[in-house]
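Chain residues, written in single-letter form:
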Amino acid sequence: TRFHVLNPAIKNTLVFSLVLLAINIAVGFLHGYLLIQKEISLTENLFLRAYVVNFLLAIVIFIILELAKKRFVTSLGFIYMAGSLVKFTGFFIFLYPIYNSDGDIGKPEFITFFVPYAVCLAFETYYLVQMLNNDKN
């Protein structure tokens with residue numbers, strides 16, 4: 001493949017991004033289908049924005065971890081946790097004001113945020129474990 005000429009950090013980021021994109025699309029279609037079946041508005045619940053914000057923040061966090069893994073390998077767990085804090089900050093900046101505009105964050109709004117958050121978090125965790133295991137070898 002043509003990937004062999006890429007810098008390993010760029011290759012890892014590209015693979016991470018493409019796999020995460022595929023997972024988000026698959027989960028997003030299922031999630032969207034279930035919301036539509038329950039007659040819950042995707043637009044009102046910021047469905048696309050929730051997926052895009054979580055996806056982009058996951059990539060940013062991954063890039064930071066990828067850049068830090070050589071010099072700060074013993075701190076990767078802390079950097080990862082700081083990334084989770086950044087994701088929650090992203091939620092409070094980009095989604096919370098709209099979700100809470102009526103004074104209440106309903107179950108559909110919470111689930112619309114939480115599903116892509118959990119998917120991205122699980123995949124980031126998997127990749128961090130792989131990164132740490134590869135460093136031991």
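Heads up: the structure comes first, above all this text.
Remember, predicted model here, so these are calculated numbers, not experimental data.

Asker: Got a minute to help me understand the pattern of salt bridges in this structure?
Answerer: Side-chain pairs of opposite charge can arise where the charged atoms are in close proximity. Taken as a whole, this structure holds two salt bridges when the rule is applied. Two residues, Glu 66 and Lys 69, come together in a salt bridge whose shortest N-O distance is 2.9 Å. Note on Lys 69: relative accessible area 22%, which makes it partly exposed. Taking the shortest distance from any N to any O, the salt bridge between Lys 87 and Glu 124 comes out at 2.6 Å. Taken as a pair, Lys 87 in helix H3 (residues 76-94) and Glu 124 in helix H5 (residues 107-136) lie far apart in primary sequence, 37 residues in all.

Asker: Help me understand the packing of aromatic side chains, please; the structure alone is not making it clear to me.
Answerer: The geometry of two aromatic rings is summed up by the distance between their centres and the angle between their planes. Tallying each qualifying case throughout the model produces 13 aromatic pairs. Seen from their ring centres, Phe 110 and Phe 114 are 5.4 Å apart, and the 15 degrees between their planes marks the pair as stacked. One end of the pair, Phe 110, and the other, Phe 114, are both in helix H5, four residues apart, so they sit about a helical turn from each other. The class of Phe 114 is partly exposed, set by a relative accessible area of 38%. Cluster of aromatic residues (ring-pair linked, three or more members): Phe 16, Phe 62, Phe 123, Tyr 126 and Tyr 127.

Asker: Is there a simple way to explain the environment of His 31 in this structure?
Answerer: In this structure, His 31 sits in helix H1 (residues 8-37). Residue classification places His 31 among the buried positions, given a relative accessible area of 8%. Along the primary structure His 31 and Ile 63 are separated by 32 residues, whereas in three dimensions their C-alpha atoms are 27 Å apart. Each residue touching His 31, except ones within four places of it in the same chain, is listed here: Phe 47, Tyr 51, Ile 111, Thr 112, Val 115 and Pro 116.

What counts and what doesn't
- Just so you know, the residues in each chain are numbered from 1, in the order the chain's sequence is written.
- The predicted origin of the model limits local features to residues at a pLDDT of at least 70 and limits the giving and counting of side-chain atom pairs to 80 or more, whereas totals for whole chains, interfaces and linings rest on all residues.
- With hydrogens and water set aside, each side-chain value is computed from the structure's full complement of heavy atoms.
- Note on definitions: salt bridges are taken to be side-chain nitrogens of Lys or Arg within 4 Å of carboxyl oxygens of Asp or Glu.
- Burial here depends on accessible area, computed with a 1.4 Å probe over protein chains only, as a share of the maximum for the residue type. Under 20% is buried, over 50% is exposed, and the range in between is partly exposed.
- Working definition: helices are DSSP H or I runs of at least four residues, strands are E runs of at least two. Numbering for both runs from the N terminus.
- Two rings belonging to Phe, Tyr or Trp (six-membered ring only in the last case) form a pair when the distance between their centres is within 6.5 Å. Interplanar angles under 30 degrees mark stacking, angles over 60 mark edge-to-face geometry, and anything in between is tilted.
- Throughout, a residue-residue contact means that at least one pair of heavy atoms, one from each residue, lies within 4.5 Å.

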